[in-house]
Amino acid sequence: TIGSYAFAQGFEDETCPTHVTIPNSVTGICAYAFYNCPGLKSVTIPEGVVHIGTEAFLDCRNLTELAIPSSVKQIDSRAFSDCRGLTEITIPGSVTNVGSSAFFRCQGLASVTVPACVLGTGLGSVFPGASSITNVVLSEGVQSIPRNAFGWSGSFPKLEHVLIPASVTNIDTEAFSVFHGRVAV
């Protein structure tokens, strides 16, 4: 496990690690582990990590490379908040719980791939302030799109496309009504 505040705060841009490869022996990244590490550009998270803690990467604003492995089961609240350099993210289908505001103000995000648990929480709750999202891909295995899955009107002002997999068998009333017909499904 990478402990709380292990690489957090105190780094100036020039002394903060820029590339981190987490060892295969690590199974969890605790709260605030890389909090406010502005020089961090890439993180390699190995298979075997099952939990990413609260605000683990909060304000890593230059983080551009991140892959969440399929071993991850839980991503806590605000884990990647203010990671403005991220342009795309895939939350694997193995994830069963994503905390609110996990990707708060990730303003560079353009494309996201999400499992069913994110739809249950609501994209507006997981990605608030990620106003540049243009493309949402629902993972294969998603069976239902609940009412308000995409949040409220104005949550994603640039959203253009939602890819729905063949596994979807139910789309609830008003699931896409917040877009007023401007999104291609």
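Now for a quick tour of the structure. All of these numbers come straight from a predicted model, not from anything done at the bench. (Residues numbered from 1 in each chain as written. Predicted model: local features only at pLDDT ≥ 70, side-chain atom pairs only at ≥ 80, totals over all residues. Heavy atoms only, no water.)

1. Here we look at the pairing of strand 10 (residues 135–138)
Our working rule: For two strands to count as paired, DSSP must find a minimum of two bridges between them. Under the scheme used here, helices are H or I runs from DSSP no shorter than 4 residues and strands are E runs no shorter than 2 residues, and both carry numbers assigned from the N terminus.
One ladder, built from four bridges, connects strand 9 (residues 111–114) with strand 10; its direction is parallel. Paired with Thr 113 across the bridge in strand 10 is Val 137. Examined bridge by bridge, strand 10 and strand 12 (residues 161–163) share three bridges and lie parallel to one another. Counted as the bridge partner of Asn 135 is His 161 from strand 12.

2. With respect to the sheet that holds strand 5 (residues 65–67)
Short version of the rule: Structural elements are reduced to axes, namely lines fitted to C-alpha atoms, with helices fitted over the stretch in contact, and the angle between N-to-C directions of any two is expressed from 0 to 180 degrees.
Across the sheet, which stays open at both edges, the three strands sit in the order 1-3-5 with parallel pairing between neighbours. Single-partner strands in this sheet number two, and they are strand 1 (19–21) and strand 5. If you compare each strand with its neighbour and ignore which way they point, the axes differ by 15 degrees on average. Pairing of strand 3 (residues 42–44) with strand 5 involves three bridges; the strand directions are parallel. When the bridges of strand 5 are listed, Ser 42 appears paired with Glu 65.

3. Examining the environment of Phe 150
Worth spelling out the cut-off: In what follows, a contact means two residues having at least one pair of non-hydrogen atoms within 4.5 Å.
Residue position: Phe 150 is located in the loop between strand 11 (144–145) and strand 12. Separated by 24 residues in the primary sequence, Phe 150 and Glu 174 place their C-alpha atoms 9.9 Å from one another. When residues no more than four places from it in sequence are discounted, the contact partners of Phe 150 are Leu 123, Gly 124, Val 136, Ile 145, Ser 155, Phe 156, Leu 159, Val 162, Ala 175, Phe 176, Val 178 and Phe 179.

4. Brief notes about the packing of aromatic side chains
Put simply, the test is: Side-chain rings of Phe, Tyr and Trp, where Trp is taken by its six-membered ring, are said to pair if the distance between their centres is within 6.5 Å; with planes under 30 degrees apart they count as stacked, over 60 as edge-to-face, and otherwise as tilted. The rule is simple: take the accessible area with a 1.4 Å probe, protein chains only, and divide by the maximum for that residue type; under 20% is buried, over 50% is exposed, in between is partly exposed.
Under the definition given, this model contains seven aromatic pairs. With a centroid separation of 4.9 Å and 5 degrees between ring planes, the pair formed by Phe 7 and Phe 34 is classed as stacked. Of this pair, Phe 7 sits in the segment before strand 1 while Phe 34 sits in the loop between strand 2 (28–29) and strand 3, and the two are 27 residues apart along the sequence. Under the relative-accessibility criterion, Phe 7 is labelled partly exposed at 31%. Here the aromatic rings of Phe 34 and Phe 57 are separated by 5.0 Å at their centres, their planes lie at 5 degrees, and the arrangement is stacked. Within this pair, whereas Phe 34 is found in the loop between strand 2 and strand 3, its partner Phe 57 is found in the loop between strand 4 (51–52) and strand 5, the two being separated by 23 residues in sequence.

5. Describing the state of the cysteines
As a reminder of what qualifies: Throughout, a disulfide means two cysteine sulfur atoms within 2.5 Å of one another.
Scanning the entire structure with this criterion turns up zero disulfides. Cys 60 forms no disulfide, and the closest cysteine sulfur to it belongs to Cys 83, at a distance of 5.2 Å. The closest cysteine sulfur to the non-disulfide-bonded Cys 117 is located on Cys 106, 16 Å from its own sulfur.

6. What to know about unusual backbone geometry
Negative phi characterises most residues that are not glycine, and trans characterises most peptide bonds. Look at Asn 36: it is not a glycine, yet its phi comes out positive at around 55 degrees. Residue position: Asn 36 is located in the loop between strand 2 and strand 3. Of note, the phi angle at Glu 174 is positive, near 65 degrees, even though the residue is not glycine. Of note, Glu 174 is situated in the segment after strand 13 (170–171). Relative accessible area serves as the criterion here: at 38%, Glu 174 is assigned to the partly exposed category.

Functional significance is not addressed by these values, which are geometric in nature.
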